[in-house]
Amino acid sequence: MPTSSVHGALRHRLLLLRSVRAAGTPVVASLAAVRLLTAVAPALTAAVLGMLVGRVDGASGGGVFRAALLPLALFGAVLLLGYLAQSATAPLEYLLRWRVDGAQRTRIARLALAGPTVGALESPEVQTLLRGAVGDPDHGPDRTVGTGALALVQQLAQLTGAAAACAVLARYAWWTVPLLLMTAAGCGARHYLTGRTANGTWRFADREELHADMWRRAVVSPSEGKDIRVFGLADWLVRRLRHHIDVANAPLWSCTDRMLRGEWITLLLVCAGLGPAYVAVTLDAVHGRTSVAVQTAVLAAGYALYQALGSGSQLLRISGALNAVRCFEEVRDLLASVPQTGPDLPRTAEPPLVRFERVGFHYPGSERTVLDGLDLEIRPGELLAVVGLNGAGKSTLIKLLAGLYRPSSGRITADGVPLTAAGSAAWRERLTVVFQDFVRYQLSAAENVTLRPVDRAALGAAADDAGFTPVLERLPAGWDTPLARARSGGVDLSGGQWQQLVLTRALYAVRTGAQLLVLDEPTAHLDVRTEFEVFRRLAEHRGRTSVVLISHRLSTVRQADRIVLLDGGRITESGTHDQLMALGGGYAGLFTVQAERFAAAGAAE
Ligand SMILES: Nc1ncnc2c1ncn2[C@@H]1O[C@H](COP(=O)(O)OP(=O)(O)OP(=O)(O)O)[C@@H](O)[C@H]1O
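Residues numbered from 1 in each chain as written. Predicted model: local features only at pLDDT ≥ 70, side-chain atom pairs only at ≥ 80, totals over all residues. Heavy atoms only, no water.

The line we're drawing: UniProt positions are given in the numbering used here, feature names are shortened, and annotations may be inferred rather than shown by experiment.
In the annotation of an unreviewed UniProt entry, the entry for the protein reads ABC transporter ATP-binding protein, and the organism field reads Streptacidiphilus jeojiensis. In UniProt, the protein has this text filed under Subcellular location (unreviewed entry): "Cell membrane".

A word on the layout of surface pockets
To keep it simple, the criterion reads: Cavities and pockets were defined on a 1 Å grid built from protein atoms only: a cavity is a group of points that admits a 1.4 Å probe but offers it no way out, a pocket is an open group of points flanked by protein on both sides within 12 Å along at least five of seven lines, and a lining residue is one with an atom within 4 Å of any such point. Grid points are joined across faces, edges and corners, and a volume is the space filled by probe spheres set on the points. In this text, helices come from DSSP runs of H or I with a minimum length of four residues, and strands from runs of E with a minimum of two, each type numbered from the N-terminal end. Under this grouping Gly is polar, as are all residues other than the nonpolar Ala, Val, Leu, Ile, Met, Phe, Trp, Tyr, Cys and Pro and the charged Asp, Glu, Lys and Arg. The domain boundaries here were taken from an automatic or database domain assignment.
If you add up the space inside the largest pocket, you get close to 1,100 Å³. If you trace the largest pocket, you find 34 residues lining it, with T432, V433, F435, L451 and R452 closest to the centre. Of all the secondary-structure elements, those providing two or more residues to the lining of the largest pocket are α12 (394-401), α13 (424-429), β6 (431-434), α14 (445-450) and α17 (495-511). Looking at which element gives the most residues to the lining of the largest pocket, the answer is α17, with 5 residues. Classifying every residue of the lining of the largest pocket by side-chain character gives 19 nonpolar, 6 polar and 9 charged. Here the lining of the largest pocket spans two domains, and each of domain 1 (7-217 + 251-336) and domain 2 (347-430 + 545-605) adds at least three residues to it.

Focus: the pattern of salt bridges
Rule in force here: One side-chain nitrogen of Lys or Arg within 4 Å of one carboxyl oxygen of Asp or Glu is enough to make a salt bridge. Whether a residue is buried, partly exposed or exposed follows from its accessible area with a 1.4 Å probe, protein chains only, as a fraction of its type maximum: under 20%, in between, or over 50%, in that order.
In total, this model carries 16 salt bridges according to the counting rule given. Here R289 ties to D284 by a salt bridge, and the two come within 2.9 Å at their closest N and O atoms. A residue is classified by how much of its surface remains accessible, and R289, at 56% relative accessible area, is exposed. A salt bridge links R379 to E377, with the nearest nitrogen and oxygen atoms 3.1 Å apart.

Considering the side chain of T290
How we decide: By the convention used here, residues are in contact when the closest approach between their heavy atoms is within 4.5 Å.
Secondary-structure assignment places T290 in the loop between α9 (263-286) and α10 (292-309). Filtering out sequence-adjacent residues up to four positions away, T290 remains in contact with Y172, V281, D284 and A285.

Quick word on the packing of aromatic side chains
Heads up, the condition is: Here a Phe, Tyr or Trp ring, Trp counted by its six-membered ring, pairs with any other such ring whose centre lies within 6.5 Å, and the pair is stacked when the planes are under 30 degrees apart, edge-to-face when over 60, and tilted otherwise.
Enumeration according to the criterion identifies 6 aromatic pairs in this entry. For the pair F361 and Y405, a centre-to-centre distance of 5.5 Å together with 65° between the ring planes defines the contact as edge-to-face. With F361 in strand β1 (residues 354-361) and Y405 in the loop between α12 and β4 (409-414), the pair connects residues that are 44 residues apart, well separated along the chain. Between Y363 and Y405, the ring centres sit 5.2 Å apart and the planes meet at 85°, which makes this aromatic pair edge-to-face. In this pair, Y363 sits in the loop between β1 and β2 (371-378) while Y405 sits in the loop between α12 and β4, placing the two residues 42 residues apart along the sequence. Looking at Y363, the relative accessible area reads 18%, which means it is buried.

Overview of the packing of helix α5 (residues 145-172) against α10
What counts here: Where helices are involved, their axes are fitted lines through C-alpha atoms of the stretch in contact, as for all axes, and angles between N-to-C directions lie from 0 to 180°. Each angle receives one of four descriptions, namely roughly parallel if under 35 degrees, roughly antiparallel if over 145, roughly perpendicular if within 65 to 115, and oblique otherwise. For a crossing to be left-handed, the near helix must be turned anticlockwise from the far one by less than a right angle; the clockwise case is right-handed.
At their nearest, the axes of α5 and α10 sit 8 Å apart, and the two run at 150° to each other. As summarised for this structure, α5 and α10 are arranged roughly antiparallel, according to the angle between their axes. Viewed along their axes, α5 and α10 form a crossing whose handedness is left-handed. In this structure, α5 uses Q158, L159, A162, A165, C166, V168, L169 and Y172 to contact α10, whose residues at the interface are V294, A297, V298, A301, G302, A304, L305, Q307, A308 and L309. Among the residues making up the contact of α5 with α10, the classes are represented as 15 nonpolar, 3 polar and no charged.

This is the structure in structure tokens:
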């Protein structure tokens, strides 16, 4: 192994060891103590039994009871302590694993959310590493940091137990120690290696299980359930599900089969180690060269040593957790290369003047140029509409404006300050965006609007502005109604009602200080009357707030102060509706097609 990877492996072990601190000293110390007690219990039992047999052997008549009293009391104490230790082990282990895993998840969440942009998160490599860092697969062996930290503590206790067993064996004959150590460690190594092979097989099975999982969820989901029933997919789906499960299970079965067939090696190692030691101590006892007490102690200690070292399961868990530690380090390095925020953007009373200056952009990992030398101005207080065909790059433009991606070339400035140099938190306080694919949180209606502590007055006013109040009045618990059928007392909103709620979210942000409102297809689900009403209210309540509106409904767009057409990655037309119609270019063509369609539909009715 090269020096750097040895260094890396050692560092990961050290990091895993340090992760134990998250469980807190009382939990770690108590668990170490109970685990230690459990580990040395067999050796202690062996010693006490040896003492009992030795004392009883040499005594006669009433002396037997007196001779047995102390070892029996000690035996009782060992049993009691062992019982207490066993009862305390499971809750302490759970607590340790839960706390260490919780700390790791918090670290991952902070890491994933630290960067101002989302580009890096879209990389498949980053997603794989993030999953690896959590180490908590839906299927297969647990590889979390908490499991590894727990295994470390358990291993430490087992090694202490093994040392105690070695001490018992060494008192009888020194050669039994290396013999049993080597063969027990051999068993442990074998189990570790076969376990690693099984883990690799699980990884393959994971992929198939992911497919199976997708179908498993689909069969019980009401949304996919609609398609399955309407298109008669039930039989096909069950066959597919069965296929993925069979494909996932086949290598697991053959791996288990191979493992079981190879168990004769373990048996051989056990016989090779315990056989000579047990035969020797029994012969010595028979010929009076050693006492029955020593014989009993050696038999029990030998068995205890195999128990401590022979399974290899702790090593396996530690190696799984080290993988999670390694993934975390790698993803941290990858995400660290994303440029961080700079000094704050000076806040002004007026909405900012935003300029796209020869902005070029392609998505990370994609060769396709989406924006190509785009120039655009968003003037303070104007209602600017951006139109273009599907895939023209309108949503991409919004994501760049929100600072979620950096331009590949050119720059975007707000009041002359490049967004890349500005603090993204400060910039986002001045801006609010309704994305086309907005998130429907399984939270209350109020939390869905504010996503932070609630200003009730602004909340009510924003709901009025967005026309959401009539929907709100029908919710069983008003603002506190959970917006998810799966939650108790929860309800599902229709697509249009969700859109009204998200508009309320945007208008709430405007009321609490946002100066630039960006709406990406905000009314696609609204009926024509509601849409008209929403825009009337928006025009009425936006005050000096600048609005950027993306919409395919050109009847809505025509109300804008200025309309720009995005085509081929650039702004190709700019002006009012009347100016663009007079120009007779791309916008006029789109508008005419839509107007004719509406006219035809109207005539048909
Ligand atoms: N995360 C992404 N990674 C790679 N390519 C993307 C990503 N998001 C969008 N694209 C691509 O960028 C191009 C522009 O997409 P964008 O969503 O900006 O178009 P749009 O004008 O908003 O389209 P629509 O009117 O259909 O919503 C498309 O070719 C799309 O496939």
